[in-house]
Amino acid sequence: MKFRILFSIIFLALASLTVADELRSAVDSKDRSEKNVARDEFRKPYETLSFFQLEPDMTIVELSPGGGWYTEILANYIRKSGNLIAAHFSKDSDRAYFRNSRIKFEKKVKENDLYEKVTVVDLNSELSDPSSVDAVLTFRNLHNWLGPNMDKIFSNSFNVLKPGGLFGIVEHRAKAGTSMENMKKSGYVTEQHAIKIAKKHGFELLAKSEINANPKDSADHPRGVWTLPPVLRLKEKDKEKYLAIGESDRMTLLFRKPKS
């Protein structure tokens, strides 16, 4: 009996090390662009994805991947035994920016074997079959969804997750008490609002992390969060000041769909 227990402990420890090694390999991969790697000091992908408890054989949905900063890492991580669903802007959107962004992303996916396990769907779709997904992730997107759209996306995310499935969020963090109007204007969202909407749709909060915190960020800038890098919307005006602050202060939240 003691031998079996010891064997189980050793096996689990080795399995955990293997998962960590595969994630480290994905983050350190030469497949990543230099431009993306340069942002690692602000976005801490290894620490963030470890916090989200991902495993390489999971089916993962990435909500609104934009240009694919995290997609580049996730696609590498699940390449051998998992699947990645990228829920991008609708290809039939009436906004040219959304359509062009989707076209550019799909072109990137089709032209590189790194993305052979990636499927692209519409963000406003049902995402996947009910209870078929292990984890849903989103990075710096909640401010774009404030209102009914956020409810729809959170509801669809809950529905596609398996019981016990994980929902990871990274978002620009507004100060407690910030109004909805100011959240929409600034691009920062309060933790309280994110948690409230997640719980409204059935999620339970597992953990919070300060991995992506930035105490230098006052979350009060002339052009909102876009004042800071990498956007630097004010261009050369006070550029050194905003570069010294770095990217935004961010909440990192992990939710779970109840197991029963």
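Residues numbered from 1 in each chain as written. Predicted model: local features only at pLDDT ≥ 70, side-chain atom pairs only at ≥ 80, totals over all residues. Heavy atoms only, no water.

Take the pattern of salt bridges next. Opposite charge on two side chains lets them pair, provided their charged atoms get close. Scanning the entire structure with this criterion turns up 18 salt bridges. E247 is the salt-bridge partner of R39, the closest N and O atoms lying 2.3 Å from each other. Here E247 lies in the loop between α11 (239-245) and β7 (250-256) and R39 lies in the loop between α2 (34-37) and α3 (40-43), a separation of 208 residues in the sequence. Comparing R39 with E247, the two get one shared label, buried. Across the pair K107 and E111 runs a salt bridge, and its minimum N-O distance is 3.0 Å. Residue classification places E111 among the exposed residues on the basis of a relative accessible area of 58%. Members of the salt-bridge network, linked through shared partners, are R173, E191, K208, E210 and D249. (Salt bridge = Lys/Arg side-chain N within 4 Å of Asp/Glu carboxyl O. Helix = DSSP H or I, 4+ residues; strand = E, 2+ residues; numbered from the N terminus. Buried < 20%, exposed > 50% of the residue type's maximum accessible area, 1.4 Å probe, protein only.)

Here K110 is to be found in helix α6 (residues 96-110). Judged by its relative accessible area of 69%, K110 is exposed. In this structure the C-alpha to C-alpha distance between K110 and P45, which are 65 residues apart in sequence, comes to 24 Å.

For the protein, the mean per-residue pLDDT works out to 94, and 93% of the residues sit at or above 70. Contacts from residues 11-15, a stretch scored under 50 in pLDDT, to residues over four places away or in other chains number zero contacts. (pLDDT = per-residue confidence, 0-100. Contact = heavy atoms within 4.5 Å.)

Before going further, it helps to examine the layout of surface pockets. A volume near 1600 Å³ is recorded for the largest pocket. Along its surface, the largest pocket is lined by 46 residues, and P65, G66, G67, Y97 and N141 are the ones closest to its centre. Contributing elements (two or more residues each) for the lining of the largest pocket: α2, α5 (69-77), α6, α7 (142-145) and α8 (148-160). For the lining of the largest pocket, the leading source of residues is α6, giving eight residues. The residue inventory of the lining of the largest pocket, partitioned by class, reads 18 nonpolar, 17 polar and eleven charged. In this structure, the second largest pocket is lined by 14 residues; those nearest its centre are N182, S186, A219, D220 and H221. Per-class residue counts for the lining of the second largest pocket are four nonpolar, six polar and four charged. (1 Å grid on protein atoms, 1.4 Å probe; cavity = no way out; pocket = protein on both sides within 12 Å on 5 of 7 lines; lining within 4 Å. Points joined across faces, edges and corners; volume = space filled by probe spheres on them. Nonpolar A, V, L, I, M, F, W, Y, C, P; charged D, E, K, R; others polar.)

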